[in-house]
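A look at the structure
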Amino acid sequence: MSVKSKSRSARKAGDIVPALHKPKVYVFDLDNTLFDTRTIPRSITDPLFDALRAENHGEDAIAGDALERAFEDSWSIPFPQVAAKHGLSSRMLRRWAELHQDIRFTAPLEPFDDVVEVLTGLAGHRVLLTSGYPQVQHGKIDALGLRCFFHDILIDAADDPNRRGKQAMIAELMMCHQWQPSELLVIGDSATSEIAAGRNLGITTVQILRPRVVPTNLADYQIRTLRELVVLLGEST
């Protein structure tokens, strides 16, 4: 068991805590929280990477090793942020978006082995909030068989020129339902995305340390599996 609590003021790892108050609303991230993006079939991902390698030419091309580092980041970061980090041109970003319009998931994807068990027994209003291209994210959700577990599914659309981001989307949901920050719990892997959004809104956050996830001291709690969330909430499995 590795449930850790962090003080919002000190931000230092503390002792294991027996329980957290049960929220009215759970806000879950998708990618690398409920499933491992690297389990997406290579028949889908390889053509994306190959097409962008072929597109990487001309005055705005970047070094080949830099492009490979961008691909590595794309497993866990929305591609517009990847492009900004690695200096990919707007042409490359447009090409990436175009390629995603043709993605179809024709075979099931597998969530982490704790997901269905925990979501099935988790009482409360469940929200799925994920970033990416809407068609692709909805395709993942259906291929994973997770749509039925959520009352609300929200997509932070990577291709929306008026993109608001997760923080604004959570705030809007809170306003619509008249929820207070103390009534929500945000669960995800990304320090700069859902964890930052929850923290900025005064919501308790839980970072799940799935494989390759970098721990952050911004989260109020850290867990390694969703079963530990059940323990954190003082419930039985």
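Everything numeric here is computed off the predicted structure, so don't read it as measured data.

For the protein chain, the count of helices and strands is nine helices and seven strands. At 18 Å, the protein chain has a C-alpha radius of gyration in line with the 18 Å of a compact globule built from 237 residues. Here the C-alpha coordinates of the protein chain stretch approximately 55 × 40 × 35 Å along the principal axes. Every one of the 237 residues in the protein chain was classed for burial, and the buried ones make up 52%. Taking all contacts inside the protein chain whose residues are at least 6 apart in sequence as the whole, residues at least 24 apart take part in 68%. Element-wise, carbon and sulfur atoms account for 52% of the exposed surface of the protein chain, whose accessible area totals about 11,300 Å². On the protein chain, the mean spot of the 27 positive side-chain charges and the mean spot of the 31 negative ones are 5 Å from each other.

Taken as a whole and judged by the stated rule, the model has 20 salt bridges. Put simply, Glu72 and Arg38 hold a salt bridge, and the shortest N to O gap is 2.4 Å. Here Arg38 lies in the loop between β2 (25-28) and α1 (42-55) and Glu72 lies in helix α2 (residues 64-73), a separation of 34 residues in the sequence. On the accessibility criterion, Arg38 (32% relative accessible area) is partly exposed. Between Arg227 and Asp113 there is a salt bridge; the shortest N-O distance is 3.7 Å. One end of the pair, Arg227, is in helix α9 (residues 226-232); the other, Asp113, is in the loop between α4 (90-100) and α5 (115-121), and 114 residues separate them in sequence. Judged by relative accessible area, which is 29%, Arg227 ranks as partly exposed. Each of Asp29, Lys166 and Glu194 takes part in one network of salt bridges that share partners.

Time to look at helix α3 (residues 79-86). Turning to α3, its buried residues number three or more, namely Phe79, Pro80, Val82, Ala83 and His86. Down the axis, α3 shows its buried residues gathered within 160° of arc, on one side only. In this structure, α3 carries Ala84 and Lys85 as exposed residues pointing more than 90 degrees from its buried face. For α3, the secondary structure elements touched by its buried residues are α1, α2 and α4. Gly87 occupies a position one or two residues after α3 and carries a positive phi of about 75°.

Once that is clear, we can look at the confidence of the model for the protein chain. With 91% of its residues at a pLDDT of 70 or more, the protein chain shows a mean pLDDT of 90. A low-confidence stretch, residues 9-18 stays under pLDDT 50, and its non-local contacts, those more than four residues away or across chains, total 20 contacts.

By size, the foremost hydrophobic cluster in this structure holds 56 residues, and its most contacted members are Phe28, Leu34, Leu88, Leu226 and Leu229. Considering each element in turn, this core owes the most residues, five residues, to α1. In this structure Leu229 touches Phe28, Leu185, Ile187, Val206 and Ile223, once residues within four positions along its chain are discounted. Residues Val127, Leu129, Leu184 and Ala197 belong to the second largest nonpolar core, which totals 14 residues.

On to the environment of Arg147, then. Mapped onto the elements of the fold, Arg147 is located in the loop between α6 (134-144) and β4 (152-157). Judged by its relative accessible area of 32%, Arg147 is partly exposed. Residues Arg147 and Leu128, 19 residues apart in the sequence, show an inter-C-alpha distance of 8.9 Å. Excluding residues that lie within four positions of it along the chain, Arg147 makes contacts with His138, Ile141, Asp142 and Ile153.

A separate point is α4. Taken as a whole, α4 has its buried residues at Met92, Trp96, Ala97, Leu99 and His100. The buried side chains of α4 occupy one side of the element, clustering within an arc of 160° when seen end-on. Residues of α4 that are buried make contact with α1, α2, α3 and α6.

Moving on: the pairing of strand β3 (residues 125-132). Buried residues dominate β3, accounting for eight of its eight residues. Here β3 shows a buried face lined by His125, Val127, Leu129 and Ser131 and a second buried face lined by Arg126, Leu128, Thr130 and Gly132. Looking at chain direction, β2 and β3 are connected through four bridges and run parallel. What sits directly across from Val25, in β3, is His125. Pairing of β3 with β4 involves six bridges; the strand directions are parallel. Along β4, the bridge assignment pairs Leu128 with Ile153. Handedness of the crossover joining β3 and β4 through α6 is recorded here as right-handed.

Scoring rules and cut-offs
- Counting starts from 1 at the beginning of each chain's written sequence and moves along it residue by residue.
- In view of the model being predicted, local features appear only for residues whose pLDDT reaches at least 70, and side-chain atom pairs are presented and counted only at 80 or more, with totals across whole chains, interfaces and linings using the full set of residues.
- The side-chain quantities take in all heavy atoms of the structure and omit both hydrogens and water.
- Put simply, DSSP H or I for four residues or longer makes a helix, DSSP E for two residues or longer makes a strand, and each gets a number counted from the N terminus.
- The globule rule used for comparison is 2.2 Å times the number of residues to the exponent 0.38, while the radius of gyration itself is calculated over C-alpha atoms.
- Buried, partly exposed and exposed residues are distinguished by accessible area as a fraction of the type maximum, computed with a 1.4 Å probe on protein chains only: under 20%, between the cut-offs, and over 50%, respectively.
- We call two residues contacting when some pair of their heavy atoms lies within 4.5 Å.
- Using a 1.4 Å probe, the Shrake-Rupley method yields the accessible areas, and only the shown protein chains count as cover for residues.
- Only four residue types enter the charge count, namely Lys and Arg as positive and Asp and Glu as negative; His and the chain termini do not.
- Taken as the charge centre is NZ of Lys, CZ of Arg, CG of Asp or CD of Glu, depending on the residue.
- A pair is scored as a salt bridge if a Lys or Arg side-chain nitrogen falls within 4 Å of a carboxyl oxygen belonging to Asp or Glu.
- Directions are taken from the helix axis to each C-beta atom, and the arc is the one they span.
- As a per-residue measure, pLDDT tells how confident the predictor is, with possible values from 0 to 100.
- Definition of nonpolar core: a set of buried residues of the types Ala, Val, Leu, Ile, Met, Phe, Trp, Tyr and Cys, connected through side-chain atoms within 4.5 Å.
- Whether two strands pair depends on DSSP finding at least two bridges between them.
- Crossover handedness is defined here as right-handed if the route from the first strand over the helix to the second strand goes clockwise, with the strands pointing away from the viewer.

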